[in-house]
Amino acid sequence: MTAGRLLVVGDLATDIVAVHDRPLTPATDTAARIAFRPGGAAANVAAWAAAAGAPTTLLARIGTESVDWHRRELERTGVTAVLRVDEERATAVVVCLVDATGERTMLNDRGAGAALGVADWDDRLLEGVDWVHLSGYLFFAEAGRALGVAVLDRCRTAGIGVSVDPASAGPLARLGRERFLALAAGSALLLPNLDEARLLSGAVAADRAALLLAERSGGLVVVKDGPRGVVLAADGQVLGRVPAPPATPVDTTGAGDAFTGAFLAARLSGADPLSAAKAGCAAGSEAVTRPGARPA
């Protein structure tokens, strides 16, 4: 079965990944393996969805200094890249500090990505599209908030489903729970990780958080719970928990994006939510076994 077409809207970044096998030592050197890699939550989702077989387009904003490299990296995984080139701002850069357990801490300079807005939109982007995914990073800047609301409105009119990933607990907390939920209203699928789900729902347990968010949003909610897999809820009930395949983590950067991309590709191929979650968990477990956030 041919997968439906996916449009992903949001962030693209250059990741500087520093893997260190001992704690950081202030005021001196800490040895690390450092590499430049393509990243950005929306771009990662697009790459994993395309690798899983879904025809995928990415809309993102980028600086002039790295547009050719990023376009090649996206096209390598099968993504159709619609990149708006910013003559004034550099491409977003994320410094990913990855410790011996694979856990990552990120320093984020959103650069050109923070300026992605309504002026970058073209209604022709929706032609032939079956689903739209919005990165939550859109909602952390004024221009992106306007774009996100506009895309949700266009999709509602066109009868196209929309998913939203809340993206990151820190900026999400600064934006505020009620404001985010109001901005994302109308989306059919919400994909928070456990920290984000706790913040948005006020519940601690993953199943309770998923259930409360599903009741609030009226759609399907998938709470990503790291190596424990995911919990799904919709229509007033918890649909189930899908475990993640065992994996030895090297770098957890982009694992949630890998899940989302593979999950959406499976759904666009006709899979039910629990089967799609199995595909997503497999991709997430694969993603953590090597540095970087994109498919091999």
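Residues numbered from 1 in each chain as written. Predicted model: local features only at pLDDT ≥ 70, side-chain atom pairs only at ≥ 80, totals over all residues. Heavy atoms only, no water.

Visitor: Give a description of the sheet that holds strand E11 (residues 220-224) that names residues and reports values.
Guide: Sheet architecture is open: nine strands sit in the order E5-E4-E1-E8-E9-E10-E11-E12-E13, paired in mixed fashion. With one partner strand each, in any of the chains shown, strand E5 (79-86) and strand E13 (237-242) form the two edges of the open sheet. Taken together, the five bridges between strand E8 (residues 131-135) and strand E9 (residues 161-165) define a ladder with parallel strand orientation. Looking across to E9, one finds that tryptophan 131 is bridged to glycine 161. Lying on the sheet, helix H1 (residues 41-51) is in contact with strand E1 (6-9), strand E4 (56-63), E5 and E8; it crosses E4 at an angle near 150°. Contacting E11, strand E12 (230-234) and E13, helix H9 (residues 273-287) crosses the sheet at an angle of about 35° to E13. (Pairing = 2+ DSSP bridges. Helix = DSSP H or I, 4+ residues; strand = E, 2+ residues; numbered from the N terminus. Contact = heavy atoms within 4.5 Å. Axes fitted to C-alpha atoms, helices over the stretch in contact; angles between N-to-C directions.)

Visitor: Please provide a residue-by-residue account of the packing of aromatic side chains, values included.
Guide: Counted under the stated rule, the structure contains three aromatic pairs. A ring pair is formed by phenylalanine 259 and phenylalanine 263, whose centres lie 5.5 Å apart and whose planes are at 20°; its orientation type is stacked. Taken as a pair, phenylalanine 259 and phenylalanine 263 lie in helix H8 (residues 255-268) at a separation of four residues, close to a single helical turn. The exposure class of phenylalanine 263 is buried, given its relative accessible area of 1%. (Phe/Tyr/Trp six-rings, centres within 6.5 Å; stacked < 30°, edge-to-face > 60°. Buried < 20%, exposed > 50% of the residue type's maximum accessible area, 1.4 Å probe, protein only.)

Visitor: Lay out the nonpolar core in plain terms, naming residues and giving numbers.
Guide: In terms of nonpolar packing, the biggest core is built from 43 residues, with Leu7, Val9, Trp121, Val132, Leu134, Val164 and Phe180 touching the most fellow members. It is helix H7 (residues 206-217) that provides the largest number of residues to this core, a total of five residues. With residues up to four places along the chain from it excluded, the contact list for valine 132 reads Leu7, Val9, Leu126, Val151, Cys155, Ile160, Gly161, Val162 and Ser163. Counting residues in hydrophobic clusters, the runner-up holds 38 residues, among them Leu191, Val222, Phe263 and Ala277. (Core = buried A, V, L, I, M, F, W, Y, C linked by side-chain atoms within 4.5 Å.)

Visitor: Give a detailed account of the sheet that holds strand E6 (residues 92-98), specifying residues and quantitative values.
Guide: The strand order E3-E2-E6-E7 describes an open sheet built from four strands, whose pairing is mixed. A single partner strand is all that each edge strand has here, and the edge strands are strand E3 (33-39) and strand E7 (104-109). Between one strand axis and the next, the sheet turns through 20° on average, direction left out of account. In terms of strand pairing, E6 meets E7 through six bridges, oriented antiparallel. The residue bridging valine 95 from the neighbouring strand is leucine 107, located in E7. In the packing of helix H2 (residues 67-76) onto the sheet, contacts are made with strand E2 (13-19) and E3, and the angle to E3 comes to roughly 75°.

Visitor: Which residues make up the layout of surface pockets, and what are the values?
Guide: Counted as a void, the second largest pocket has a volume near 150 Å³. Along the walls of the second largest pocket sit Trp131, Ala188, Leu189, Leu220, Leu264, Arg267, Leu268 and Pro273, which together make up its complete lining. By residue number, the principal contributor to the lining of the second largest pocket is H8, which donates three residues. Here the residues of the lining of the second largest pocket are counted per class, giving seven nonpolar, no polar and one charged. (1 Å grid on protein atoms, 1.4 Å probe; cavity = no way out; pocket = protein on both sides within 12 Å on 5 of 7 lines; lining within 4 Å. Points joined across faces, edges and corners; volume = space filled by probe spheres on them. Nonpolar A, V, L, I, M, F, W, Y, C, P; charged D, E, K, R; others polar.)

Visitor: If you had to explain the side chain of serine 201 to someone new, which residues and values would you point to?
Guide: Within the secondary structure layout, serine 201 lies in helix H6 (residues 194-201). Judged by relative accessible area, which is 15%, serine 201 ranks as buried. Within polar-contact distance, the side chain of serine 201 engages the backbone oxygen of alanine 197 at 2.7 Å. Look past the residues within four positions of serine 201 in its chain and what remains in contact with it is Arg177, Ala209, Leu212 and Leu213. (Polar contact = N/O pair within 3.5 Å; in protein donor to acceptor, adjacent residues only side chain to side chain.)

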